[in-house]
Amino acid sequence: MPSNVEIKAKIHNLGLLVETAELLSQSPGVIIKQQDTFFNVQKGRLKLRNFMNGTGQLIFYERPDLNGPKLSCYSITETTDPEGLTTVLSQALGVKGVVRKVRKLFLVEQTRIHVDQVEGLGNFLELEVVLKDGQSPQEGEMIAYRLMQNLGVKQDDLITGAYMDLLLKEK
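The structure displayed is predicted, hence computed values, not measured ones.

Participant: Looking at this structure, I do not really get the nonpolar core. What am I missing?
Facilitator: Looking at soluble globular proteins, one finds that nonpolar side chains tend to be buried together. In terms of nonpolar packing, the biggest core is built from 22 residues, with Ile-7, Ile-113, Leu-125, Leu-127, Leu-151 and Val-153 touching the most fellow members. Take this core: its biggest share by element is 5 residues, from helix α3 (residues 137–151). With 14 residues, the next largest nonpolar core counts Val-99, Ile-159, Ala-162 and Tyr-163 among its residues.

Participant: Is there a simple way to think about the environment of Ile-143 in this case?
Facilitator: Its location among the elements puts Ile-143 in helix α3. Linking Ile-143 and Glu-128, residues 15 residues apart in sequence, is a C-alpha distance of 9.9 Å. Not counting the four nearest positions on each side in its chain, Ile-143 is found in contact with Gln-110, Thr-111, Val-129 and Gln-135.

Participant: Would you mind going over the sheet that holds strand β5 (residues 70–79) with me for this structure?
Facilitator: Sheet strands pair via backbone hydrogen bonds, and the direction of the pair is either parallel or antiparallel. With antiparallel pairing, the 8 strands of this closed barrel are ordered in space as β1-β5-β4-β3-β2-β6-β7-β8. When strand polarity is set aside, the average angle formed by the axes of neighbouring strands in this sheet is 35°. Examined bridge by bridge, strand β1 (residues 3–10) and β5 share 4 bridges and lie antiparallel to one another. Bridging across to β5, Val-5 finds its partner in Leu-71. Contacts from α3 reach β1, β5, β6 (95–108), β7 (111–118) and β8 (122–130), with the element oriented near 145° to β8. In the packing of helix α4 (residues 163–170) onto the sheet, contacts are made with β1, β2 (30–39), β3 (45–50), β6, β7 and β8, and the angle to β6 comes to roughly 135°.

Participant: Quick question: what am I supposed to make of the side chain of Asn-50 here?
Facilitator: Here Asn-50 lies in strand β3. Only 3.2 Å separates the side chain of Asn-50 from the side chain of Glu-83, close enough to count as a polar contact.

Calculation criteria
Residues numbered from 1 in each chain as written. Predicted model: local features only at pLDDT ≥ 70, side-chain atom pairs only at ≥ 80, totals over all residues. Heavy atoms only, no water. Core = buried A, V, L, I, M, F, W, Y, C linked by side-chain atoms within 4.5 Å. Buried < 20%, exposed > 50% of the residue type's maximum accessible area, 1.4 Å probe, protein only. Helix = DSSP H or I, 4+ residues; strand = E, 2+ residues; numbered from the N terminus. Contact = heavy atoms within 4.5 Å. Pairing = 2+ DSSP bridges. Axes fitted to C-alpha atoms, helices over the stretch in contact; angles between N-to-C directions. Polar contact = N/O pair within 3.5 Å; in protein donor to acceptor, adjacent residues only side chain to side chain.

This is the structure:
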């Protein structure tokens, strides 16, 4: 199963963070609209990501709810019928909740930098250090910590869990 090392943090200065991400990635980034429908499952998390353009991904992942860099193992399959798949999975499993966001994606070497504007929550940074074959989670953590420093992310800014968990806490 593919894996990455992730961190998630609250953003306090969106403009500065985006400017720094643009410098690090040497690109203006790519804007991606996403609607993630989370389903009730007994282990891990299962979500259908709708890109709002007729395509999507069904994503299963397991990740501990910890502050700081954490290992996430995942499986992804593509779909050209996200609405239909959402309907079937909703009927079979029930819906835990829906997360709507606009993501700005930057790539820095093997790391995906996500600047997310999450409906109902605010602005967040997510780093995903995609581990290469044979690369240890510790190496991924070192890369994540270095990027955190470069982006001005402090330990106090880190959050645990998924956006879905935060939205459920808000209710």
